[in-house]
Amino acid sequence: MPREIALLDALVPTLLFGFLAASCGSLIIDWLLTRYHLYRYIWYPALFRLAAFACMFALSGLWIY
Amino acid sequence: MNDLSKKLIRLSITLTLVIAAIILGRMLWVRYMDSPWTRDGRVRADIVNIAPDVNGLVTSVAVRDNQFVHRGDVLFTVDAEHYKTAVAQTKALVEQRKVELTMKRGQAKRRAEIDDQVISQENREDSSLIATSARAEYDAAMAELDLAKLNLSRTVVRSPVDGWVSNLLVRPGDFAQIGAPKLAVIDQHSFWVYGYFEEHKLALMQIGDPAEIRLISSNQILKGHVESFARGITDRDNPTDVRLLANVNPSFNWVRLSQRIPVRITLDEIPKNMILVAGMTCTVIVHPKS
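Residues numbered from 1 in each chain as written. Chains lettered and ligands numbered in written order. Predicted model: local features only at pLDDT ≥ 70, side-chain atom pairs only at ≥ 80, totals over all residues.

1. Thoughts on the overall build of chain B
Per the secondary structure count, chain B includes three helices and 14 strands. What you see for chain B is a C-alpha radius of gyration of 36 Å, clearly larger than the 19 Å of a compact globule of 290 residues, by over 25%. When the backbone C-alpha atoms are referred to their principal axes, chain B occupies close to 145 × 45 × 40 Å. Burial status across chain B gives 18% buried among its 290 residues. Restricting the contact set of chain B to residue pairs at least 6 apart, pairs at least 24 apart contribute 77%. (Helix = DSSP H or I, 4+ residues; strand = E, 2+ residues; numbered from the N terminus. Rg over C-alpha atoms; globule rule 2.2 N^0.38 Å. Buried ≥ 20, exposed ≤ 12 C-beta atoms within 10 Å, placed from the backbone. Contact = placed C-beta atoms within 7 Å.)

Now the structure itself:
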């Protein structure tokens, strides 16, 4: 996996795209949980969302590096 | 479902995820910060500056820019007329000294045979010494001839290594001065990589650890290993002034930037089709054995 990707001729860290993907992922999870009323199984929704985002971002980072 | 178990489920799902996030976050931190890799690597090569060993006009340039040359190939030639004349001149000098030597030897021999009644002892000793001196003069002329021949041979400038001509700026008609570099040859077999690692990453690797090198220019991964560490870098915070006094820059107490230490990486093999250019940027990742 290349560690940098050329974005408009500027080399940016691939981790930036990991960040964007994790953001989209957490939006999707949020939508699903709301759609199927799963938030009743969650203690603090905000804490849950933050932890889910951190997990996805860290996984993408570990995959890249 | 009673209230307590519902509460437990809610708590455990959230807390599990939080703990997973903390563990993964720490793993990423360690991987990124505490593993020996750097984005700041450079491909380097030995570059030989080619300068003529004699003065003179450049008569011909045998190579083109960026051409591959073998060791011993002619690069350019300096006008040899002066040096040919010098050889002829010194040959004549050698001849003359040789004749003189024969003459002086003959004299010395004759005088040695004549007894003290005819010539003085002083005269006899002197003629022997004059012959020895003539011999020395003859030797000096021979050395001058060797020098003239050497200069003549050095009018043809040859490549000392296999490699590529670079930055060829010399043209026929230029005046080549002794010792002034006219072109550079990049040694084909000398490519290596300098990884500029942050200070705190130096302790994480050892000499001999395998390394992988990723160039910006290609997706191919080069293999290498750590050859050595630089044992000195400039102290940029303490330049001395004209009176040799210290001039210490005030530094920030909180934020300190880690300096970079050059680590030399030997390339184990270079793929045949890969174009390596001295000065290329690359990422260096060292995999510590222990």
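Next comes the rest of the account.
2. Digging into the confidence of the model for chain B
Caution is warranted with low-pLDDT regions, since their predicted coordinates should not be read in detail. Considering every residue of chain B, the mean pLDDT works out to 90; 100% of them sit at 70 or more. For this predicted complex, the interface score ipTM comes out at 0.84, alongside a pTM of 0.73. (pLDDT = per-residue confidence, 0-100.)

3. Brief notes about the interface of chain B and chain A
Counting residues at the interface gives 16 residues for chain B and 16 residues for chain A. For the side of chain B that touches chain A, the element with the highest residue contribution is helix α1 (residues 3-33) of chain B, accounting for 15 residues. Across the side of chain B that touches chain A, the residue classes break down as 11 nonpolar, three polar and two charged. (Nonpolar A, V, L, I, M, F, W, Y, C, P; charged D, E, K, R; others polar.)

4. Overview of the packing of helix α2 (residues 81-113) of chain B against helix α3 (residues 121-153) of chain B
Residues and elements named next belong to chain B. Between α2 and α3, the least distance of the axes is 8 Å, while the angle of their chain directions is 165°. Put simply, α2 runs roughly antiparallel to α3. Crossing handedness for the pair α2 and α3: left-handed. Class assignment for the residues of the contact of α2 with α3 results in 17 nonpolar, six polar and 13 charged. (Axes fitted to C-alpha atoms, helices over the stretch in contact; angles between N-to-C directions. Parallel < 35°, antiparallel > 145°, perpendicular 65-115°, else oblique. Left-handed = near helix turned anticlockwise from the far one by under 90°.)

5. Here we look at the pairing of strand β12 (residues 221-229) of chain B
Residue and element names in this part refer to chain B. Bridge count for strand β11 (residues 210-215) against β12 is five bridges, and the pairing is antiparallel. Its bridge partner lying in β12, Glu 212 is registered against Lys 223. Counting the residues in the hairpin turn of β11 and β12 gives five residues. Bridging between β12 and strand β13 (residues 260-269) involves six bridges; their strand directions are antiparallel. When the sheet's bridge partners are listed, Val 226 is paired in β13 with Ile 265. (Pairing = 2+ DSSP bridges.)

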